[in-house]
Amino acid sequence: MTRGNPLCTYAALAAFACTSLTACATSEAVGRPDQTSKPVIEDPPGRPGGRTLFIAMPDSRDFLDARRGLVTEIKKDFNVTTFVVTPTTTVDDFAAAIAKSTPVCLVLMNNTTLALFQKYQARLGGQATPPAVVLMTSFLEEASSRLKRITGIAYEVPAVTGFIHLRMVITSRIDRVGVIFRPALGRFVERQKALAVREGIEIVPMAVPADASAEQLRSALRTLGERGKVDALWLLNDNALIRDGAFIAATWRPVLQDINLPLLVGVPNLVDPAEPFGTLSVVPDHESLGLQAANLIFDLADNDWNVSDHAIELPLSVKTVVDVKQVREHFGLRPDAMQHVDRALDE
């Protein structure tokens, strides 16, 4: 399979440098870079004395979709203050905005925002902070162990969901799926293995060092790609494995061309027939994610904002994006495949 230079892949993932909060990037990679002028975010009119919900987020399309779903549901019960987070936003900016709005709850979207919240909590020491509902960040369950008073919705759809959708789209057999991971995500991969076994799918993990070189990544990919070892590959949303265009060209591209296996990816940007890379992506429906977050906030309000009783939730609604051209040419397209695809890309 010829897989073109996935520059959009790099733009999608590597733009979000990892922080100590997470080992990866993802949700910030959702949606293509917006080349149009940014929309003006208008909060609903507030009510004097009303409870305030503070939403901290980037102002790109996918986050705005999630905000729309959230605000539609909560605007009758809460005042809303939206704080736009940019790469230049400081913890001072963040803290000042929270102090001004005096919210009963925070909603935090993306890795950068969560990193600001971590610094905000560290600055306050043992002083209590408002509870936070987190969404559209990567590997939230891992990050939550290092933060206080947070809950939320994981962005990563269980891998088995993607494997099942892949089975429904391609005619090739999918029983064993290979994944490369760095040590920080070992526990996450183990949890996904347990879920996949229930559907008769074996995840074959291949560990690489935290600072894996191009040669180490190529070697791991070739090992997984040996004939008959796995039927597909699963790419974690870890930007250390996809660093920049040159790194991709030196690692993923040549090996993928040789082993010719379908690749499940975690963000829709990576599925593009013009520059073939990912075969299929299963991601949360962003507006539905906002609706789900609203219900979580109502539950917290009814429980005196006690986040300790609310485990991290999985997204309830997902969308599937498929490179139909790649599937048809290399893996066989099932006759009823389009019934299971939300967005089919063919050119």
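Right above here is the structure, for reference.
Every chain is numbered on its own, with residues counted from 1 as its sequence reads. Totals for whole chains, interfaces and linings use all residues, but because this is a predicted model, local features are given only for residues with pLDDT of at least 70 and pairs of side-chain atoms are given and counted only at 80 or more. Side-chain measures were taken over the full set of non-hydrogen atoms in the model, leaving aside hydrogen atoms and water.

**Some details on the pairing of strand S2 (residues 79–84)**
Bridge count between strand S1 (residues 52–57) and S2: six bridges; the pairing is parallel. Residue pairing across strands places Met-57 opposite Val-84, the latter belonging to S2. We call two strands paired when DSSP finds no fewer than two bridges between them. Put simply, DSSP marks the helices as runs of H or I at least four residues long and the strands as runs of E at least two long, and each gets a number from the N terminus on.

**A look at unusual backbone geometry**
In this model, Met-136 sits at a positive phi of 60°, which is unusual for a non-glycine residue. Locating Met-136 in the fold gives a position in the loop between strand S4 (132–135) and helix H5 (140–144). Summary of the burial criterion: residues with accessible area below 20% of their type's maximum are buried, those above 50% are exposed, and those between are partly exposed, where the area comes from a 1.4 Å probe applied to protein chains only. Here Met-136 falls in the buried class, since its relative accessible area comes to 0%. Look at Asp-304: it is not a glycine, yet its phi comes out positive at around 55°. Considering the arrangement of structural elements, one finds Asp-304 in the loop between helix H11 (286–302) and strand S11 (318–323). Overall, Asp-304 belongs to the exposed group, its relative accessible area being 66%.

**Focus: the packing of aromatic side chains**
Side-chain rings of Phe, Tyr and Trp (the six-membered ring for Trp) are treated as a pair once their centres are within 6.5 Å; stacked means planes under 30 degrees apart, edge-to-face means over 60, and tilted covers the remaining angles. Evaluation of the coordinates by the stated rule reveals eleven aromatic pairs. Aromatic pair Phe-94 and Tyr-120: ring centres 5.6 Å apart, planes at 85°, arrangement edge-to-face. A residue pair is termed long-range when its members are at least 10 positions apart, and Phe-94 in helix H3 (residues 91–101) and Tyr-120 in helix H4 (residues 111–124) qualify at 26 residues. On the accessibility criterion, Phe-94 (0% relative accessible area) is buried. What makes Tyr-120 buried here is its relative accessible area of 9%. Note that Arg-243 overlies the ring of Phe-247, its terminal NZ or CZ placed 4.2 Å from the centroid. Either the NZ atom of lysine or the CZ atom of arginine qualifies as a charge over a ring when it sits within 6 Å of the ring centre and within 35 degrees of the ring normal.

**Description of the pattern of salt bridges**
Close approach of charged atoms allows side chains of opposite charge to pair. The term salt bridge refers to a pairing of a side-chain nitrogen on Lys or Arg with a carboxyl oxygen on Asp or Glu at a separation within 4 Å. Summed over the entire model, instances satisfying the criterion amount to 16 salt bridges. In this structure, Asp-92 and Arg-123 form a salt bridge, with 2.5 Å as the shortest nitrogen-oxygen distance. Taken together, the residues Asp-92 in helix H3 and Arg-123 in helix H4 connect sequence positions 31 residues apart. Look at Arg-123 and you get partly exposed, because its relative accessible area is 46%. For Arg-218, the salt bridge goes to Glu-215, with nearest N and O atoms at 2.6 Å. With Arg-218 and Glu-215 both in helix H8 (residues 214–224) and three residues apart, this pair spans about one turn of that helix.

**Notes on the environment of Ala-337**
With respect to the helices and strands, the residue Ala-337 is situated in the loop between helix H12 (324–330) and strand S12 (343–345). Under the relative-accessibility criterion, Ala-337 is labelled buried at 1%. Considering only alpha carbons, one finds Ala-337 and Met-168, 169 residues apart in sequence, at a separation of 6.1 Å. The criterion used for residue contact is that any of the two residues' heavy atoms lie within 4.5 Å. Setting aside residues no more than four positions away along its own chain, Ala-337 makes contact with Met-168 and Val-169.

Everything listed here is a matter of coordinates, which is why it stays silent on function.
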